[in-house]
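Residue-level listing of the chains:
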Amino acid sequence: MAENTVLTATARAGTGKGAARTARREGLVPGVIYGGGADPQPINVKYNELYKRLKAGKFLSTLLTVSVDGKEEKVICRNVQRDIVRDLPTHVDFLRLSARSRINLLIPVEFTGEDECPGLRKGGVLTIVRNEVELKVTAGNIPEKVTADLTGLKIGDTLTISAIDLPQGTRPMITDRDFMIANISAPSGLAAADEDEGEVAEGEAEEAPAEG
């Protein structure tokens, strides 16, 4: 299973605008954990910790464990409200997950088979289009990574999502096309030589005298 980010929080006794303003004055961001068949849990999160996670990116597609006074809840962020002037977080909503919850997450792609890739052995270049893919997964069975096997690929070949063996119960979020993960391109020197040859051939064709 994929590792997840741990975010520390404390239970918030009060609710409403007054309690939220008090939390912000103390360097905290008010929030709530809801769903999963349990009562909503008002919480406070340290502003600096939350801001750091937001700056790292992909916060809304990251599996999280929120530790509320030592009690851990597996969640995913559903909304971050921000100050309209300073664009800083003012409130955060987390959805509580069960083992069977279906969620969208970005899963890293690991490339293997480089030694068995004819294209790379002949000097080709691996161009990675996506080093992670967004998948719909089950919260209780989240893959740590998916594997893209380069074995047998030649220069000019592409590797698409359909060539990747996804874990059972997992599917890509993009289903209307077989999108590219990576390709094996020709070395820059070879590509430039091909272009030069094409230009010479075109020039020779233009200079050839007309028959008749």
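Residues numbered from 1 in each chain as written. Predicted model: local features only at pLDDT ≥ 70, side-chain atom pairs only at ≥ 80, totals over all residues. Heavy atoms only, no water.

## Points about the overall build of the protein chain
The helix and strand inventory of the protein chain stands at four helices and 13 strands. By residue count, 34% of the 212 residues in the protein chain fall in the buried class. Across the protein chain, every contact between residues at least 6 apart in sequence was considered, and the portion connecting residues at least 24 apart equals 67%. For the protein chain, the exposed surface amounts to about 12,700 Å²; the carbon and sulfur share of it is 48%. (Helix = DSSP H or I, 4+ residues; strand = E, 2+ residues; numbered from the N terminus. Buried < 20%, exposed > 50% of the residue type's maximum accessible area, 1.4 Å probe, protein only. Contact = heavy atoms within 4.5 Å. Areas by Shrake-Rupley, 256 points an atom, 1.4 Å probe, with all protein chains shown as cover.)

## A word on the packing of aromatic side chains
Taken as a whole and judged by the stated rule, the model has two aromatic pairs. The interplanar angle of 10° and the centroid separation of 5.7 Å between the aromatic rings of Tyr47 and Tyr51 together place this pair among those described as stacked. Taken together, the positions of Tyr47 and Tyr51, both in helix H2 (residues 47–56) and four residues apart, correspond to about one turn of that helix. With a centroid separation of 6.5 Å and an interplanar angle of 70°, the aromatic rings of Phe59 and Phe94 are classed as edge-to-face. Within this pair, whereas Phe59 is found in the loop between H2 and strand S4 (63–68), its partner Phe94 is found in strand S6 (residues 89–96), the two being separated by 35 residues in sequence. There is no split in this pair, since Phe59 and Phe94 are both buried. (Phe/Tyr/Trp six-rings, centres within 6.5 Å; stacked < 30°, edge-to-face > 60°.)

## Let's talk about the layout of surface pockets
With a probe scaled to a water molecule rolled over the atoms, the places where space remains empty come into view. Approximately 150 Å³ is the volume attributed to the second largest pocket. Around the second largest pocket, the lining residues are Arg24, Gly27, Leu28, Val29, Pro30, Tyr47, Asp83, Arg86, Leu88, Pro89 and Thr90. Elements supplying a minimum of two residues to the lining of the second largest pocket: strand S2 (28–34) and S6. Ranked by residue count, the leading element in the lining of the second largest pocket is S2, at three residues. Among the residues making up the lining of the second largest pocket, the classes are represented as six nonpolar, two polar and three charged. (1 Å grid on protein atoms, 1.4 Å probe; cavity = no way out; pocket = protein on both sides within 12 Å on 5 of 7 lines; lining within 4 Å. Points joined across faces, edges and corners; volume = space filled by probe spheres on them. Nonpolar A, V, L, I, M, F, W, Y, C, P; charged D, E, K, R; others polar.)

## Overview of the nonpolar core
One finds Ile103, Leu105, Phe111, Val133, Val146 and Ile181 to be the most contacted residues of the largest nonpolar core, which totals 26 residues. At the level of secondary structure, the elements contributing two or more residues to this core comprise strand S7 (102–112), strand S9 (132–138), strand S10 (146–149) and strand S13 (180–185). Here the element with the most residues in this core is S7; it accounts for five residues. Counting residues domain by domain, this core receives three or more from each of domain 1 (6–97) and domain 2 (103–190). Counting residues in each nonpolar core, the second largest holds 17 residues, with Ile33, Val68, Val92 and Phe94 among its members. (Core = buried A, V, L, I, M, F, W, Y, C linked by side-chain atoms within 4.5 Å. Domains from an automatic or database assignment.)

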